[in-house]
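Below, each chain spelled out in residue letters.
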Amino acid sequence: MFKDIKAISGFSVNDLQKAKEFYHHKLGIALSEEKMGILKLHFNGGGTVIIYPKPNHEPATFTILNFPVPDVEKAVDELTTLGITFEQYGEPIKTNEKGILKGNENGPDIAWFKDPAGNILSVLQES
């Protein structure tokens, strides 16, 4: 039934203006403003993500959006210059001083950061 459709993912934020500023102006993602205050993120590689306002928004406690990049360390450095702070985690997923979990047999290099609503995002090494 769903195997041939293009699925769309979405998540909530508590402040659409801050989300617009962050996703469009800081991260450089194309977006459009839709009816009922919904933002749509448009990715050149394909895909769309919907951001919607929710007055009683609670940040996700898991990664809601992953950005595959050719070089995680370079992406972290560039995002840090834009004022983005990377999460620091201890055991069992110990990140280094930049917030990068160096990949091993269990997965790629990855670093996590939050949007203004507290949702968790990541940059991860392309495979």
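Residues numbered from 1 in each chain as written. Predicted model: local features only at pLDDT ≥ 70, side-chain atom pairs only at ≥ 80, totals over all residues. Heavy atoms only, no water.

A. Layout of the nonpolar core. The biggest cluster of nonpolar side chains holds 28 residues, and the ones touching the most others in it are Tyr-23, Leu-65, Phe-113 and Val-123. Every element with two or more residues in this core is listed here: β1 (9-13), α1 (16-26), β3 (39-42), β4 (48-53), β5 (63-69), α2 (72-81), β7 (110-114) and β8 (120-125). Contacts of Leu-65, omitting those with residues within four sequence positions, involve Phe-11, Tyr-23, Leu-41, Val-49, Ile-120, Leu-121 and Ser-122. (Core = buried A, V, L, I, M, F, W, Y, C linked by side-chain atoms within 4.5 Å. Buried < 20%, exposed > 50% of the residue type's maximum accessible area, 1.4 Å probe, protein only. Helix = DSSP H or I, 4+ residues; strand = E, 2+ residues; numbered from the N terminus. Contact = heavy atoms within 4.5 Å.)

B. Representation of the pairing of strand β2 (residues 30-33). Sheet topology note: the β2/β3 ladder contains four bridges and is antiparallel. Bridged to Glu-33 within β3 is Leu-39. In textbook terms, the turn of a hairpin is the stretch between consecutive antiparallel strands, and for β2 and β3 this stretch comprises five residues, one of which, Met-36, has a positive phi near 65°. (Pairing = 2+ DSSP bridges.)

C. Expanded view of unusual backbone geometry. That bond from Glu-91 to Pro-92 is cis: its omega, 5°, falls within 30 degrees of zero. Counting through the fold element by element, Pro-92 comes out in the loop between α2 and β6 (100-101).

D. Expanded view of the pairing of β8. Within β8, five of the six residues are buried, which leaves it mostly tucked inside the rest of the structure. Note: β5 against β8, six bridges, orientation parallel. The residue bridging Leu-65 from the neighbouring strand is Leu-121, located in β8. Strand direction decides the pairing type here: β7 and β8, joined by five bridges, are antiparallel. Each residue of the ladder has a partner; that of Phe-113, found in β8, is Leu-121. Between β7 and β8, which pair antiparallel and follow one another directly, the connecting turn spans five residues, one of which, Gly-118, has a positive phi of 90°.

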